[in-house]
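What follows is the residue order along each chain.
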Amino acid sequence: ETLTGAMENHPFDANLAFAVAAQIRQESRFQHSLRWANYALLLWPTLDGAHVEAARALAFLGKKEQAALEYRLALTTNRRTLDTIIKDLEVFRFPIAIQLQVIPPTQPNYLYVLCRSVKKAQKKEDSIFCLDKLAATPNINPQHISDAIHSLLNYNAISNAERAMA
């Protein structure tokens, strides 16, 4: 029995609708995948996997700002999606400004994880931009600020490091 066939027998199963969305995305039918992910979210609005699946479909369709919103909703409902989302942001090559939109304001320390990922990808300008944002964000773990300042100094971004220390 196929997943879409199973949906006929279980039309209100959000997890099944999410699985259908993932399968259809793997077949490169992104618009159709998005419809199934949205249906899963209609049934279960906080289903983090469906938000991630919707974001992936949107990213494949070139709608990165909408995808960022879906990723943010996934993070808001389940912090365990952070690593998956960070990897997706790399794969889909989201511009740094859009990547920053993914981080929920209620979880500022997630920004540290994002900045570490950008730094690891050796994108100096993007890393400095992210570290500036990290240093200027309230309620960040002080150790994260210290790490940001050290990274900025390593990039020879002295004025950025000075602003972070102010």
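Residues numbered from 1 in each chain as written. Predicted model: local features only at pLDDT ≥ 70, side-chain atom pairs only at ≥ 80, totals over all residues. Heavy atoms only, no water.

A.B. asks: Help me out: how do you make sense of the packing of helix 10 (residues 142-154) against helix 11 (residues 158-165) in this one?
C.D. replies: For any two helices packed against each other, the geometry is given by the interaxial angle and the distance between the axes. The geometry of helix 10 relative to helix 11 is characterised by a closest axis approach of 8 Å and an angle of 160° between their N-to-C directions. Here helix 10 lies roughly antiparallel to helix 11, going by the angle between them. By crossing handedness, the relation of helix 10 to helix 11 is classed as left-handed. Contacts between helix 10 and helix 11 involve Ile-145, Ile-149, Leu-152 and Leu-153 on the former and, on the latter, Ile-158, Asn-160, Ala-161, Ala-164 and Met-165. (Axes fitted to C-alpha atoms, helices over the stretch in contact; angles between N-to-C directions. Helix = DSSP H or I, 4+ residues; strand = E, 2+ residues; numbered from the N terminus. Parallel < 35°, antiparallel > 145°, perpendicular 65-115°, else oblique. Left-handed = near helix turned anticlockwise from the far one by under 90°. Contact = heavy atoms within 4.5 Å.)

A.B. asks: Looking at this structure, how should I read the packing of aromatic side chains?
C.D. replies: Aromatic ring pairs are defined here through the distance separating the ring centres and the angle between the ring planes. Per the stated rule, a full pass over the model turns up five aromatic pairs. Summarising the aromatic geometry, the rings of Phe-60 and Phe-92 are spaced 4.9 Å apart at their centres and angled 90° between planes, so their arrangement reads as edge-to-face. Of this pair, Phe-60 sits in helix 4 (residues 48-60) while Phe-92 sits in the loop between helix 6 (82-91) and helix 7 (96-102), placing them 32 residues apart in sequence. Exposure remark for Phe-92: the relative accessible area of 12% places this residue in the buried category. (Phe/Tyr/Trp six-rings, centres within 6.5 Å; stacked < 30°, edge-to-face > 60°. Buried < 20%, exposed > 50% of the residue type's maximum accessible area, 1.4 Å probe, protein only.)

A.B. asks: It is not clear to me how the packing of helix 5 (residues 64-77) against helix 6 should be interpreted in this structure. Could you clarify?
C.D. replies: Contact geometry of helix 5 with helix 6 gives a least axis separation of 10 Å together with a crossing angle of 165°. Viewed along their axes, helix 5 and helix 6 adopt a mutual orientation that is roughly antiparallel. Handedness of the crossing formed by helix 5 with helix 6: left-handed. Mapping the contact onto sequence places Tyr-71, Ala-74 and Leu-75 in helix 5 and Leu-82, Ile-85, Asp-88 and Leu-89 in helix 6. Residue composition of the contact of helix 5 with helix 6, by class: six nonpolar, no polar and one charged. (Nonpolar A, V, L, I, M, F, W, Y, C, P; charged D, E, K, R; others polar.)

A.B. asks: How should I be thinking about the pattern of salt bridges in this particular structure?
C.D. replies: Pairing is possible between side chains that carry opposite charge, provided their charged atoms lie close to one another. Taken as a whole, this structure holds five salt bridges when the rule is applied. Arg-29 serves as the salt-bridge partner of Glu-27, at 2.7 Å between the closest nitrogen and oxygen. The residue Glu-53 makes a salt bridge to Arg-56 at a minimum N-O spacing of 3.8 Å. Remark: Arg-56 and Glu-53 occur in helix 4; sequence separation between them is three residues, near one turn of the helix. Among the charged side chains, a network of salt bridges with common partners joins Arg-25, Glu-53, Arg-56 and Asp-88. (Salt bridge = Lys/Arg side-chain N within 4 Å of Asp/Glu carboxyl O.)

Honestly, it's all geometry; don't read function into it.
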